[in-house]
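Chain by chain, the residues:
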Amino acid sequence: MTQRLPLSAFIIAKNEADRIPAAIKSVVGWVDEVIVIDSGSEDETVAVAESLGARVVFNEWPGYGLQKRFGEDQCRNDWLLNLDADEEITPALAAEIKTKFDDQSYMASDAWRIMIRDTFPHETEPASWAYGYNQIRLYDRRKGRFSASTVHDTVRPQEGATLGDLKGIMAHRSDRSLEFSVGKYNRYSDMQVQDMLDRGRKIPKYRLLTEFPVSFFKGYFVRKYRKYGWWGFILAMNYAHGRFLRVAKAYEAELLRKTGRK
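Because the structure is a prediction, the values reported are computed rather than measured.

Q: Report on the environment of Cys75, specifying residues and quantitative values.
A: Locating Cys75 in the fold gives a position in the loop between α3 (64–74) and β4 (79–82). Residue class for Cys75 comes out buried when judged on its relative accessible area of 6%. Taking C-alpha positions, Cys75 is 10.0 Å from Arg141, a pair spaced 66 residues apart along the chain.

Structure (structure tokens):
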């Protein structure tokens, strides 16, 4: 039996029976424990997670950052590995983490950033040019924790904490389908607008004109969606529409406030 690392992996989930197996399988067996924080799944998420060796804990949904902070509190180790239900640790990344724990080099930093790259349903692994972003996902909770934001879920390192970068990739299967992605950015834009209202932030009206074309350019060229061919054109259009929708909803909320209807 492979010796397990003194590392707790935790995953927040709701109705992820189709995607969570890949996430759990990518870590189970070599981390000390896998914990799934479920917020009321109506599908087989709980049963599937438990059958794969995860411990499932229920917590009513309080928001992204707060749910991940709850997950941190359920872990028995100080070193934590966070992944979402639609993500998976690639074999190369798993090998890198194991090596760092074997030779104790993980202690060279208090938190490690991981490159998370988009992986689409028709792909077996992320393309080399796939859009990605670095996030702290392997960290010592004594030196940093997830923020308490209801919208954003980012680890906030303490002042003086040291950061490092891992070379391996985490695959991110964010979209089940185009229908799913449209529904997701529609929901996210609602949360983003509410967050802006709560913070008293306003978006300039001129962005109603510029948001779509600028976002399309960013998606198609900067994020390199163009390399996917026609699929990339669809991705760029969806990305631009999602960004425009956020600005449009913010303007709608402003009109409603002025008329006293919200």
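After presenting the structure, the write-up continues.
Q: Please give an account of the packing of aromatic side chains that cites residues and values.
A: With the rule as written, the count across this model stands at 16 aromatic pairs. Taking the centre distance of 6.3 Å and the plane angle of 85° together, the rings of Phe10 and Phe146 count as edge-to-face. Taken as a pair, Phe10 in strand β1 (residues 5–13) and Phe146 in strand β8 (residues 144–146) lie far apart in primary sequence, 136 residues in all. Judged by its relative accessible area of 0%, Phe10 is buried. Seen in terms of ring centroids, Trp79 and Phe101 are 6.3 Å apart; in terms of plane orientation they differ by 85°. Their pairing is edge-to-face. One end of the pair, Trp79, is in strand β4; the other, Phe101, is in helix α4 (residues 91–102), and 22 residues separate them in sequence. Phe101 matches Trp79 in its accessibility class, with the two residues each being buried. One residue, Arg223, lies across the ring of Tyr131, its end atom 3.7 Å from the ring centre.

Q: An account of the sheet that holds strand β6 (residues 111–118) is needed here, citing residue identities and associated values.
A: Here eight strands make up an open sheet; going across it, the order is β3-β2-β1-β4-β7-β6-β10-β5 and the pairing mixed. Lying at the two open borders of the sheet, with one neighbouring strand each, are β3 (55–58) and β5 (87–89). Taken pair by pair, the neighbouring strands of this sheet meet at an average axis angle of 35°, ignoring direction. Of the strands in this sheet, β1, β2 (31–38), β3, β4 and β7 (132–140) are in contact with α3, which crosses β1 at around 145°. Together, β1, β4, β5, β6, β7 and β10 (163–172) form the strand contacts of α4, whose direction differs from that of β10 by roughly 150°.

Q: Now, about a nonpolar patch on the surface: what can you tell me, with residues and values included?
A: Together, Leu178, Trp230, Phe233, Ile234 and Met237 make up a nonpolar patch on the protein surface, roughly 500 Å² of accessible area in all. Examining the composition of the nonpolar patch, we find that four residues originate from one element, helix α7 (residues 230–258), more than from any other. Structurally, the position occupied by Leu178 is in helix α5 (residues 178–198). Look at Leu178 and you get partly exposed, because its relative accessible area is 37%.

Q: I'd love a proper account of the nonpolar core, names of residues and values included.
A: Within the largest apolar cluster, 31 residues are counted, with the highest numbers of intra-cluster contacts made by Leu7, Trp30, Leu81 and Ile97. Elements with a minimum of two residues in this core: β1, α1 (20–25), β2, β4, α4, β6 and β10. Examining the composition of this core, we find that five residues originate from one element, β1, more than from any other. When near neighbours in sequence (up to four residues on either side) are disregarded, Leu81 contacts Leu7, Ser8, Ala9, Phe10, Val27, Trp30, Ile89, Ile97, Ile114, Arg137 and Leu138. With 13 residues, the next largest nonpolar core counts Phe10, Ile12, Ala111 and Ile136 among its residues.

Q: Quick one: what's the story with the side chain of Ser26, residue by residue and with numbers?
A: As for its position among the elements, Ser26 is in the loop between α1 and β2. A polar side-chain atom of Ser26 sits 2.7 Å from the main-chain carbonyl oxygen of Ala23.

Q: Requested: an account of the pattern of salt bridges, with residues and values cited.
A: One pass over the full model with this rule turns up 27 salt bridges. Glu33 is the salt-bridge partner of Arg76, the closest N and O atoms lying 3.6 Å from each other. Placement of Arg76 in the loop between α3 and β4 and of Glu33 in strand β2 is noted, with a sequence separation of 43 residues between them. What makes Glu33 buried here is its relative accessible area of 7%.

Q: Talk me through the pairing of β3; I want residue IDs and the actual numbers.
A: By the bridge criterion, four bridges tie β2 to β3 in an arrangement that is parallel. Considered in β3, the bridge of Ile35 is made with Arg55. Read as a crossover between parallel neighbours, the route from β2 over helix α2 (residues 45–51) to β3 is right-handed.

Q: Would you mind going over the packing of α5 against α7 in detail, with residue names and values included?
A: Two elements in contact, α5 and α7, have axes whose closest approach is 9 Å; the angle formed by their N-to-C orientations is 35°. Judged by the sense of rotation from one axis to the other, the crossing of α5 with α7 is right-handed. Here α5 contributes Leu178, Ser181, Val182, Tyr185, Asn186, Ser189, Asp190, Gln192, Val193, Met196 and Leu197 to the contact with α7, which in turn contributes Trp231, Ile234, Asn238, His241, Gly242, Leu245, Arg246, Lys249, Ala250, Ala253 and Arg257. Grouping the amino acids of the contact of α5 with α7 by side-chain chemistry returns 11 nonpolar, seven polar and four charged.

The rules we used
Residues numbered from 1 in each chain as written. Predicted model: local features only at pLDDT ≥ 70, side-chain atom pairs only at ≥ 80, totals over all residues. Heavy atoms only, no water. Helix = DSSP H or I, 4+ residues; strand = E, 2+ residues; numbered from the N terminus. Buried < 20%, exposed > 50% of the residue type's maximum accessible area, 1.4 Å probe, protein only. Phe/Tyr/Trp six-rings, centres within 6.5 Å; stacked < 30°, edge-to-face > 60°. Lys NZ or Arg CZ within 6 Å of the ring centre and 35° of its normal. Pairing = 2+ DSSP bridges. Axes fitted to C-alpha atoms, helices over the stretch in contact; angles between N-to-C directions. Contact = heavy atoms within 4.5 Å. Patch = residues over 30% accessible without salt bridge, like charges linked within 9 Å, V, L, I, M, F, W, Y side chains within 5 Å. Areas by Shrake-Rupley, 256 points an atom, 1.4 Å probe, with all protein chains shown as cover. Salt bridge = Lys/Arg side-chain N within 4 Å of Asp/Glu carboxyl O. Core = buried A, V, L, I, M, F, W, Y, C linked by side-chain atoms within 4.5 Å. Polar contact = N/O pair within 3.5 Å; in protein donor to acceptor, adjacent residues only side chain to side chain. Right-handed = clockwise from strand over helix to strand, strands pointing away. Left-handed = near helix turned anticlockwise from the far one by under 90°. Nonpolar A, V, L, I, M, F, W, Y, C, P; charged D, E, K, R; others polar.

Note that all results are geometric; they support no functional claim without further evidence.
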